[in-house]
Amino acid sequence: MRHRRSDFPPGFLFAAATSSYQIEGHGFGGAGETHWDTFAATPGNVVRAEDGRVACDHYHRMDADLDLCAALGLDAYRFSTSWARVMPEGTGAANPKGLDFYDRLVDGCLDRGLKPMATLYHWELPSPLADRGGWRNADMPDWFADFTATVMGRIGDRVFSAAPINEPWCVSWLSHFEGHHAPGMRDIRAAARAMHHVLVAHGRAIEVMRGLGMGNLGAVCNFERAFPADDSEGARVAAARYDAIYNRFFLGGLFHRRYPDLVLEGLEPYLPRGWQDDFDTIAAPLDWLGLNYYTCKRIGADDGPWPSYAYRKGPLPKTQVDWEIHPEGLHHFLTMARDEYTGDLPLLVTESGMALAHDGNDDARIAYVDAHLGEALRAIRDGVPLAGFTYWSLLDNYEWSLGYEKRFGLVHVDFETQERTPKASYHALAEALRA
Ligand code: IFM
């Protein structure tokens with residue numbers, strides 16, 4: 001790897017990320033059923049109908065996994081807390097084993113000199129809440145606030161940082177408009193409501209955590225560069241609309257107290273009544289913004305109803321999940337966020353990584369990480385207040401509707417034996433961080 005820790009400013013944080021449902025094993029420790037369990041059990045939704053009941057068995061192997069983080073030389077570990085593990089019914093009584101688990105996880109990080117970076121929600125909605133409409137229900141922010149109080153009441157005194165919701169676009173648009181993630185809906189009204197409620201829930205969680213005296217609170221959004229697929233005016237407009245929905249709706253709410261016109265033109269009739277009054281909650285001041293960035297998309301015009309765009313194939317080399325590799329997009333979003341939304345607020349790359357088939361050669365992943373570190377450095381040189389870089393993911397894990405075969409890990413996981421084997425990228429990153 002060309003880039004090394006010493007190229008970055010002192011105190012710059014290097015981390016790796018995971019999420020609860022993708023690694024823990026939801027069949028263990030009294031976790032409640034989630035909408036991902038039933039989504040996966042429904043034919044056609046997930047490759048081989050795989051689910052997260054066992055996953056990487058991190059529930060029983062937490063110490064070994066944290067040892068891997070420490071041996072890699074990381075400064076921080078980004079994990080998420082499962083709502084269904086902590087509150088199996090979604091509301092009401094907490095599961096003591098679930099709280100104990102996150103308590104041990106945080107202490108396990110601290111014992112190893114790793115800063116625990118918590119995300120409250122990374123997609124495993126308790127089924128009883130899904131039964132009540134999940135993110136479409138206007139009560140979700142209150143339920144989420146209760147969950148926040150419960151879990152952060154236990155670990156909030158020791159986490160280094162916290163963010164309420166990972167990737168609001170996935171929670172709402174991907175899951176309620178495109179139907180690719182649980183609950184698998186394809187409905188514009190459901191999507192509009194979910195997009196708004198997710199942001200209100202974010203704001204309520206921030207309020208609760210501030211009330212507990214916690215600091216270093218942020219938001220984690222995902223970004224995809226949108227290129228017009230051709231030179232036509234139709235493609236230009238379609239790409240701008242894609243960019244507004246994906247990259248600007250959530251930032252607009254969080255930092256400008258409004259939603260982009262290019263999104264309201266399609267979604268406004270479907271937003272919940274009184275949505276304009278929620279921006280005091282949504283735009284509660286933050287201490288940082290986290291950016292998850294992986295790829296770009298080619299967007300063409302489409303004759304169908306709003307948003308009237310269609311995906312086209314792009315020319316760049318692709319990862320195992322067929323995503324184009326476009327490292328410059330990371331610099332684009334770091335500067336765009338700073339210039340148009342966040343100003344001096346610290347930014348963090350909270351996810352960057354690639355899926356690569358396991359055939360023993362990990363060179364492409366090493367090159368991917370190196371190129372993205374290079375773009376992060378270029379942004380720092382251009383004055384972006386970037387404070388850290390997080391690789392997704394520490395372990396091969398459950399890649400949602402794609403099941404277990406898409407391998408994002410620095411560490412190979414044999415899902416038959418649960419044996420962990422650090423890959424060449426793990427060793428290359430360890431070397432870069434040591435140097
Ligand atoms: O695996 C996911 C993760 O859950 C959220 N961000 C993107 C990753 C790769 O698809």
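What is the right way to read the layout of surface pockets from this model?
Empty pockets left among the atoms are what a rolling probe the size of a water molecule brings to light. Roughly 830 Å³ of internal volume is contained in the largest pocket. In terms of lining, the largest pocket is formed by 38 residues, of which the most central are Leu174, Glu224, Lys297, Val321 and Trp323. Of the residues forming the lining of the largest pocket, the biggest block, 6 residues, is contributed by strand E6 (residues 288–301). Of the residues belonging to the lining of the largest pocket, the class tally is 16 nonpolar, 10 polar and 12 charged. Space inside the second largest pocket adds up to approximately 190 Å³.

Got a minute to help me understand helix H9 (residues 188–211) in this structure?
A turn of α-helix holds 3.6 residues, and therefore any two residues three or four places apart point the same way. With 24 residues, H9 extends 35 Å between its outermost C-alpha atoms, agreeing within 8% with the 34 Å of an ideal straight helix rising 1.5 Å per residue. When you tally the buried positions in H9, you get 18 out of 24 residues, the bulk of the element. Its side-chain oxygen placed 3.0 Å from the backbone nitrogen of Arg189, Asp187 serves as the N-cap of H9. Gly213 sits one or two residues past H9 and shows a positive phi near 85 degrees.

Even after reading the chapter, I still don't get the packing of aromatic side chains, so can you show me in this structure?
What describes a pair of aromatic rings is the distance from one ring centre to the other and the angle between the planes of the rings. Enumeration over the complete set of coordinates arrives at 40 aromatic pairs. Here Trp123 and Trp400 contribute two aromatic rings whose centre-to-centre distance is 4.7 Å and whose plane-to-plane angle is 40 degrees, an arrangement assigned as tilted. One end of the pair, Trp123, is in the loop between strand E3 (115–121) and helix H6 (127–131); the other, Trp400, is in the loop between strand E9 (386–392) and strand E10 (411–413), and 277 residues separate them in sequence. The same class applies to Trp123 as to Trp400, namely buried. Their ring planes at 50 degrees and their centres at 5.9 Å tell us that Tyr293 and Phe333 sit as a pair that is tilted. A residue pair is termed long-range when its members are at least 10 positions apart, and Tyr293 in strand E6 and Phe333 in helix H13 (residues 328–342) qualify at 40 residues. Assessed through its relative accessible area of 1%, Tyr293 is described here as buried. Take Phe333: its relative accessible area is 1%, and that puts it in the buried class. Lying over the aromatic face of Phe101, Arg85 brings its terminal NZ or CZ to 5.4 Å of the ring centre.

Calculation notes
Per chain, the residues get numbers from 1 upward, laid out in the order the sequence is written. Per-residue local features of the predicted model are confined to residues with pLDDT of at least 70, and side-chain atom pairs are confined, for both listing and counting, to 80 or more; whole-chain, interface and lining totals are unaffected and use all residues. Values reported for side chains reflect all heavy atoms of the structure, with hydrogen atoms and water molecules removed beforehand. The way it works is a 1 Å grid over only the protein atoms, where trapped points that fit a 1.4 Å probe form a cavity and open points with protein on both sides within 12 Å along at least five of seven lines form a pocket, and then any residue with an atom within 4 Å of a point lines it. Grid points are joined across faces, edges and corners, and a volume is the space filled by probe spheres set on the points. Helix and strand labels come from DSSP, where a helix needs a run of H or I of at least four residues and a strand needs a run of E of at least two; each type is numbered from the N terminus. Residues are grouped as follows: Ala, Val, Leu, Ile, Met, Phe, Trp, Tyr, Cys and Pro are nonpolar; Asp, Glu, Lys and Arg are charged; all remaining types, including Gly, are polar. For a helix, the expected span equals 1.5 Å multiplied by the number of residues minus one. Think of it in three bands: residues with accessible area under 20% of the maximum for their type are buried, residues over 50% are exposed, and the middle band is partly exposed, with areas taken using a 1.4 Å probe on protein chains only. For this analysis, a polar contact is any N or O atom pair within 3.5 Å, provided that within protein one partner can donate a hydrogen and the other can accept it, and provided that sequence-adjacent residues contribute only side-chain to side-chain pairs. Each Phe, Tyr or Trp ring (for Trp, its six-membered ring) is paired with any other whose centre lies within 6.5 Å, and the angle between the two planes then decides the class: stacked below 30 degrees, edge-to-face above 60, tilted in between. Comment: the charge-over-ring label is applied if NZ (Lys) or CZ (Arg) is within 6 Å of the ring centre and within 35 degrees of the ring normal.

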